[in-house]
Amino acid sequence: MTGTTDPTDPAPTAERRKTARVRWAAGAAVALALLFAGAAAVASAREDGSPPRAAGAPAPDSADAGFARDMAVHHQQAVEMSFIVRDRTEDEDVRRLAYDIANTQANQRGMLLGWLDLWGLPKVAGGDQAPMAWMGGGGGDGGHEHGGHQPDRGSDGVLMAGMASRAELERLARLDGRQAEVFYLQLMTDHHKGGVAMAEACASRCTVPVEQRLARGMVEGQQSELGLMHDMLTERKARPRP
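Regarding the nonpolar core
- Core analysis: the largest hydrophobic core is formed by 54 residues, its most contacted members being Phe 67 and Tyr 184.
- Of all elements in the fold, only helix H2 (63-86), helix H3 (92-119), helix H4 (166-174), helix H5 (177-205) and helix H6 (209-235) reach the threshold of two or more residues within this core.
- The element best represented in this core is H5, accounting for twelve residues.
- Setting aside residues no more than four positions away along its own chain, Phe 67 makes contact with Ala 72, Leu 112, Trp 134, Met 198, Ala 199, Cys 202, Cys 206, Glu 211, Ala 215 and Met 218.

Encoded structure:
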(Lines give C-alpha, C1' and ligand atoms only; values in the text may rest on other atoms or scores of the structure.)
Protein backbone atom coordinates (compact mmCIF):
# COMPACT_ATOMS: atom_id res chain seq x y z
CA MET A 1 0.00 0.00 0.00
CA THR A 2 1.35 3.44 -0.88
CA GLY A 3 2.54 5.39 2.13
CA THR A 4 2.97 2.37 4.42
CA THR A 5 6.24 1.19 5.96
CA ASP A 6 7.68 -2.25 5.31
CA PRO A 7 8.80 -3.77 8.66
CA THR A 8 11.82 -5.26 6.82
CA ASP A 9 12.91 -1.91 5.33
CA PRO A 10 16.68 -1.54 5.97
CA ALA A 11 16.40 2.26 6.49
CA PRO A 12 18.56 3.40 9.45
CA THR A 13 16.89 3.08 12.81
CA ALA A 14 17.97 6.61 13.72
CA GLU A 15 16.08 8.04 10.76
CA ARG A 16 12.90 6.12 11.71
CA ARG A 17 13.19 7.30 15.27
CA LYS A 18 13.71 10.91 14.22
CA THR A 19 10.62 10.74 12.02
CA ALA A 20 8.55 9.19 14.82
CA ARG A 21 9.69 11.88 17.25
CA VAL A 22 8.78 14.68 14.84
CA ARG A 23 5.31 13.15 14.33
CA TRP A 24 4.87 12.89 18.10
CA ALA A 25 5.99 16.44 18.85
CA ALA A 26 3.86 17.99 16.11
CA GLY A 27 0.73 16.05 16.95
CA ALA A 28 0.78 15.96 20.73
CA ALA A 29 -1.00 19.25 21.38
CA VAL A 30 -3.66 18.61 18.75
CA ALA A 31 -4.18 15.04 19.92
CA LEU A 32 -4.68 16.13 23.52
CA ALA A 33 -7.22 18.74 22.44
CA LEU A 34 -9.12 16.16 20.41
CA LEU A 35 -8.95 13.70 23.30
CA PHE A 36 -10.76 16.14 25.57
CA ALA A 37 -13.25 16.89 22.81
CA GLY A 38 -13.91 13.19 22.32
CA ALA A 39 -14.32 12.65 26.05
CA ALA A 40 -16.83 15.48 26.18
CA ALA A 41 -18.82 13.94 23.35
CA VAL A 42 -18.95 10.61 25.15
CA ALA A 43 -19.93 12.23 28.44
CA SER A 44 -22.91 13.85 26.75
CA ALA A 45 -24.56 10.51 26.04
CA ARG A 46 -27.69 9.47 27.89
CA GLU A 47 -27.06 7.56 31.10
CA ASP A 48 -28.71 4.42 29.77
CA GLY A 49 -26.19 4.34 26.90
CA SER A 50 -28.88 4.03 24.24
CA PRO A 51 -29.82 7.42 22.76
CA PRO A 52 -32.40 7.48 19.95
CA ARG A 53 -30.85 6.38 16.66
CA ALA A 54 -30.03 9.42 14.52
CA ALA A 55 -31.61 9.82 11.09
CA GLY A 56 -29.32 8.43 8.38
CA ALA A 57 -27.04 6.75 10.93
CA PRO A 58 -25.36 3.41 10.12
CA ALA A 59 -27.23 0.27 11.14
CA PRO A 60 -26.25 -1.31 14.49
CA ASP A 61 -24.81 -4.34 12.69
CA SER A 62 -23.01 -2.32 9.99
CA ALA A 63 -19.26 -2.28 9.40
CA ASP A 64 -19.22 1.36 10.54
CA ALA A 65 -20.76 0.53 13.92
CA GLY A 66 -18.82 -2.71 14.34
CA PHE A 67 -15.49 -1.05 13.61
CA ALA A 68 -16.20 1.83 16.00
CA ARG A 69 -17.13 -0.55 18.84
CA ASP A 70 -14.37 -3.10 18.29
CA MET A 71 -11.57 -0.64 17.62
CA ALA A 72 -12.52 1.33 20.75
CA VAL A 73 -11.97 -1.87 22.79
CA HIS A 74 -8.79 -2.69 20.84
CA HIS A 75 -7.38 0.80 21.44
CA GLN A 76 -8.19 0.70 25.14
CA GLN A 77 -5.88 -2.29 25.61
CA ALA A 78 -3.06 -0.55 23.71
CA VAL A 79 -3.41 2.40 26.09
CA GLU A 80 -3.34 0.04 29.07
CA MET A 81 -0.21 -1.77 27.88
CA SER A 82 1.54 1.51 27.17
CA PHE A 83 0.91 2.86 30.66
CA ILE A 84 2.15 -0.42 32.14
CA VAL A 85 5.49 -0.35 30.32
CA ARG A 86 6.13 3.32 31.13
CA ASP A 87 6.32 2.24 34.78
CA ARG A 88 8.49 -0.82 34.08
CA THR A 89 11.42 0.71 32.17
CA GLU A 90 13.59 3.82 32.18
CA ASP A 91 14.46 3.52 28.48
CA GLU A 92 13.47 6.85 26.94
CA ASP A 93 12.86 5.45 23.45
CA VAL A 94 10.39 2.86 24.72
CA ARG A 95 8.73 5.35 27.06
CA ARG A 96 8.39 7.88 24.25
CA LEU A 97 6.86 5.27 21.92
CA ALA A 98 4.47 4.16 24.67
CA TYR A 99 3.38 7.75 25.29
CA ASP A 100 2.84 8.33 21.57
CA ILE A 101 0.73 5.19 21.21
CA ALA A 102 -1.31 5.89 24.35
CA ASN A 103 -1.93 9.51 23.35
CA THR A 104 -2.89 8.71 19.75
CA GLN A 105 -5.11 5.75 20.52
CA ALA A 106 -6.90 7.41 23.44
CA ASN A 107 -7.72 10.29 21.09
CA GLN A 108 -8.99 7.96 18.36
CA ARG A 109 -10.99 5.96 20.89
CA GLY A 110 -12.76 9.13 22.00
CA MET A 111 -13.65 9.88 18.37
CA LEU A 112 -15.04 6.38 17.79
CA LEU A 113 -17.18 6.45 20.93
CA GLY A 114 -18.31 9.97 20.12
CA TRP A 115 -19.53 8.83 16.69
CA LEU A 116 -21.53 6.01 18.26
CA ASP A 117 -23.20 8.60 20.49
CA LEU A 118 -23.95 10.86 17.54
CA TRP A 119 -25.41 7.92 15.63
CA GLY A 120 -27.51 6.88 18.61
CA LEU A 121 -25.96 3.41 18.65
CA PRO A 122 -24.92 1.32 21.68
CA LYS A 123 -21.22 1.12 22.49
CA VAL A 124 -21.51 -2.60 23.27
CA ALA A 125 -22.64 -5.12 20.66
CA GLY A 126 -25.62 -7.34 21.33
CA GLY A 127 -25.11 -10.82 22.69
CA ASP A 128 -25.52 -12.38 19.23
CA GLN A 129 -22.81 -10.18 17.66
CA ALA A 130 -19.33 -11.68 17.95
CA PRO A 131 -16.29 -9.35 17.93
CA MET A 132 -15.08 -8.59 14.39
CA ALA A 133 -18.08 -10.34 12.80
CA TRP A 134 -18.60 -7.18 10.71
CA MET A 135 -15.36 -7.98 8.87
CA GLY A 136 -16.80 -11.15 7.35
CA GLY A 137 -14.79 -14.30 6.69
CA GLY A 138 -15.02 -15.57 10.26
CA GLY A 139 -13.63 -12.41 11.81
CA GLY A 140 -15.44 -13.13 15.04
CA ASP A 141 -13.24 -16.18 15.59
CA GLY A 142 -10.15 -14.03 16.10
CA GLY A 143 -8.26 -16.31 13.74
CA HIS A 144 -4.69 -15.99 12.51
CA GLU A 145 -5.81 -14.67 9.13
CA HIS A 146 -6.29 -11.24 10.68
CA GLY A 147 -2.69 -10.94 11.80
CA GLY A 148 -0.85 -11.20 15.07
CA HIS A 149 -0.22 -13.89 17.65
CA GLN A 150 -3.45 -15.20 19.14
CA PRO A 151 -3.45 -16.22 22.81
CA ASP A 152 -5.46 -19.20 23.94
CA ARG A 153 -9.03 -18.56 24.95
CA GLY A 154 -9.91 -19.00 28.56
CA SER A 155 -11.44 -16.87 31.26
CA ASP A 156 -10.78 -13.84 29.02
CA GLY A 157 -13.38 -15.09 26.50
CA VAL A 158 -13.24 -14.32 22.80
CA LEU A 159 -10.30 -12.07 21.96
CA MET A 160 -10.01 -9.83 18.93
CA ALA A 161 -7.07 -10.17 16.56
CA GLY A 162 -3.77 -9.19 18.13
CA MET A 163 -5.11 -8.57 21.63
CA ALA A 164 -3.14 -9.79 24.61
CA SER A 165 -4.68 -12.08 27.18
CA ARG A 166 -5.16 -10.96 30.76
CA ALA A 167 -2.34 -13.33 31.79
CA GLU A 168 0.01 -11.62 29.31
CA LEU A 169 -0.87 -8.19 30.68
CA GLU A 170 -0.19 -9.42 34.20
CA ARG A 171 3.16 -10.82 33.07
CA LEU A 172 4.09 -7.48 31.48
CA ALA A 173 3.33 -5.76 34.79
CA ARG A 174 5.76 -8.09 36.59
CA LEU A 175 8.72 -7.58 34.23
CA ASP A 176 11.34 -4.85 34.48
CA GLY A 177 13.92 -3.20 32.25
CA ARG A 178 14.96 -4.94 29.06
CA GLN A 179 12.56 -7.86 29.58
CA ALA A 180 9.60 -5.50 29.91
CA GLU A 181 10.70 -3.57 26.84
CA VAL A 182 10.98 -6.67 24.66
CA PHE A 183 7.68 -8.16 25.81
CA TYR A 184 5.87 -4.85 25.31
CA LEU A 185 7.29 -4.47 21.79
CA GLN A 186 6.23 -8.04 20.98
CA LEU A 187 2.73 -7.58 22.38
CA MET A 188 2.30 -4.23 20.64
CA THR A 189 3.55 -5.65 17.35
CA ASP A 190 0.84 -8.32 17.53
CA HIS A 191 -1.67 -5.67 18.58
CA HIS A 192 -0.81 -3.37 15.66
CA LYS A 193 -1.01 -6.21 13.14
CA GLY A 194 -4.53 -7.00 14.33
CA GLY A 195 -5.41 -3.29 14.34
CA VAL A 196 -4.12 -2.80 10.79
CA ALA A 197 -6.27 -5.69 9.56
CA MET A 198 -9.34 -4.20 11.21
CA ALA A 199 -8.63 -0.72 9.84
CA GLU A 200 -8.07 -2.05 6.33
CA ALA A 201 -11.42 -3.83 6.55
CA CYS A 202 -13.15 -0.60 7.56
CA ALA A 203 -11.42 1.34 4.79
CA SER A 204 -13.01 -1.03 2.28
CA ARG A 205 -16.33 -1.82 4.04
CA CYS A 206 -17.34 1.28 6.02
CA THR A 207 -19.61 3.84 4.36
CA VAL A 208 -19.06 6.94 6.52
CA PRO A 209 -16.31 8.97 4.76
CA VAL A 210 -14.78 10.45 7.92
CA GLU A 211 -14.54 6.99 9.49
CA GLN A 212 -12.92 5.61 6.34
CA ARG A 213 -10.35 8.40 6.47
CA LEU A 214 -9.60 7.66 10.11
CA ALA A 215 -9.18 3.96 9.27
CA ARG A 216 -6.75 4.73 6.46
CA GLY A 217 -4.78 6.98 8.81
CA MET A 218 -4.63 4.14 11.35
CA VAL A 219 -3.20 1.80 8.72
CA GLU A 220 -0.45 4.24 7.76
CA GLY A 221 0.39 5.24 11.33
CA GLN A 222 0.49 1.71 12.73
CA GLN A 223 2.47 0.36 9.77
CA SER A 224 5.06 3.06 10.47
CA GLU A 225 5.18 2.08 14.14
CA LEU A 226 5.52 -1.59 13.18
CA GLY A 227 8.71 -0.72 11.32
CA LEU A 228 10.00 1.25 14.30
CA MET A 229 9.20 -1.57 16.74
CA HIS A 230 10.91 -4.11 14.45
CA ASP A 231 14.09 -2.02 14.66
CA MET A 232 13.78 -1.61 18.43
CA LEU A 233 13.43 -5.37 18.89
CA THR A 234 16.47 -5.94 16.68
CA GLU A 235 18.48 -3.53 18.86
CA ARG A 236 17.53 -5.70 21.83
CA LYS A 237 18.51 -8.91 20.02
CA ALA A 238 14.89 -10.03 19.89
CA ARG A 239 12.22 -10.44 17.25
CA PRO A 240 8.43 -10.41 16.91
CA ARG A 241 6.58 -13.51 18.07
CA PRO A 242 5.72 -16.04 15.34
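Structure shown, so let's carry the discussion forward.
Notes on the pattern of salt bridges
- Going through the model one piece at a time under the given rule, you end up with eleven salt bridges.
- A salt bridge links Arg 178 to Glu 181, with the nearest nitrogen and oxygen atoms 3.4 Å apart. Of this pair, Arg 178 and Glu 181 both sit in helix H5, three residues apart, which is roughly one turn of the helix.
- Residue Arg 241 pairs with Asp 190 through a salt bridge whose shortest N-O separation is 2.7 Å. Taken together, the residues Arg 241 in the segment after H6 and Asp 190 in helix H5 connect sequence positions 51 residues apart.
- Overall, the relative accessible area of 18% leaves Arg 241 in the buried class.
- Within this structure, Asp 91, Arg 178, Glu 181, Glu 235 and Arg 236 form a network of salt bridges that share partners.

Some words on the state of the cysteines
- All told, the structure shown has one disulfide when counted by the stated rule.
- For Cys 202, the disulfide goes to Cys 206, at an S-S distance of 2.2 Å. Between Cys 202 and Cys 206, the disulfide has an S-S torsion of -120° and is therefore left-handed. Assigned by exposure class, Cys 202 and Cys 206 land together as buried.

Here we look at the packing of H2 against H4
- H4 packs onto H2 with a crossing angle of 20° between their chain directions and a minimal axis gap of 9 Å. The orientation of H2 with respect to H4, classified from their angle, is roughly parallel. In this structure, the crossing between H2 and H4 has a hand that is right-handed. Counted together, Gln 77, Glu 80, Met 81 and Ile 84 of H2 and Arg 166, Leu 169, Leu 172 and Ala 173 of H4 form the full contact between these two elements.
- Across the contact of H2 with H4, the residue classes tally to five nonpolar, one polar and two charged.

Description of unusual backbone geometry
- The phi dihedral of Met 132 is positive, around 70°, even though this residue is not glycine.
- Along the chain, Met 132 falls in the loop between H3 and H4.
- Relative accessible area serves as the criterion here: at 0%, Met 132 is assigned to the buried category.
- The phi torsion at Lys 237 lies on the positive side, around 55°, for a residue other than glycine.
- Relative to the helices and strands, Lys 237 is located in the segment after H6.

A word on the packing of H2 against H3
- Where H2 meets H3, the axes come as close as 8 Å, and the angle between the chain directions of the two elements is 155°. Taken together, the axes of H2 and H3 lie roughly antiparallel to each other. Crossing of H2 against H3: the hand is left-handed.
- Residues that form the contact of H2 with H3 fall into these classes: 19 nonpolar, five polar and five charged.

Considerations on the packing of aromatic side chains
- Enumeration according to the criterion identifies two aromatic pairs in this entry.
- Taking 5.8 Å as the distance between ring centres and 80° as the angle between the ring planes, the aromatic pair formed by Phe 67 and Trp 134 counts as edge-to-face. Remark: Trp 134 occurs in the loop between H3 and H4 and Phe 67 occurs in helix H2; sequence separation between them is 67 residues. Side by side, Phe 67 and Trp 134 carry an identical accessibility label, which is buried.
- Judged by centre distance (6.4 Å) and plane angle (25°), the rings of Trp 115 and Trp 119 are stacked. Of this pair, Trp 115 and Trp 119 both sit in helix H3, separated by four residues, roughly a single helical turn. Trp 119 matches Trp 115 in its accessibility class, with the two residues each being buried.
- Just above the ring of Phe 183 sits the side chain of Arg 171; from NZ or CZ to the centre is 4.1 Å.

Criteria and thresholds
Residues numbered from 1 in each chain as written. Predicted model: local features only at pLDDT ≥ 70, side-chain atom pairs only at ≥ 80, totals over all residues. Heavy atoms only, no water. Core = buried A, V, L, I, M, F, W, Y, C linked by side-chain atoms within 4.5 Å. Buried < 20%, exposed > 50% of the residue type's maximum accessible area, 1.4 Å probe, protein only. Helix = DSSP H or I, 4+ residues; strand = E, 2+ residues; numbered from the N terminus. Contact = heavy atoms within 4.5 Å. Salt bridge = Lys/Arg side-chain N within 4 Å of Asp/Glu carboxyl O. Disulfide = S-S within 2.5 Å. Axes fitted to C-alpha atoms, helices over the stretch in contact; angles between N-to-C directions. Parallel < 35°, antiparallel > 145°, perpendicular 65-115°, else oblique. Left-handed = near helix turned anticlockwise from the far one by under 90°. Nonpolar A, V, L, I, M, F, W, Y, C, P; charged D, E, K, R; others polar. Phe/Tyr/Trp six-rings, centres within 6.5 Å; stacked < 30°, edge-to-face > 60°. Lys NZ or Arg CZ within 6 Å of the ring centre and 35° of its normal.

Spatial relationships are all this shows, so hold off on functional conclusions.
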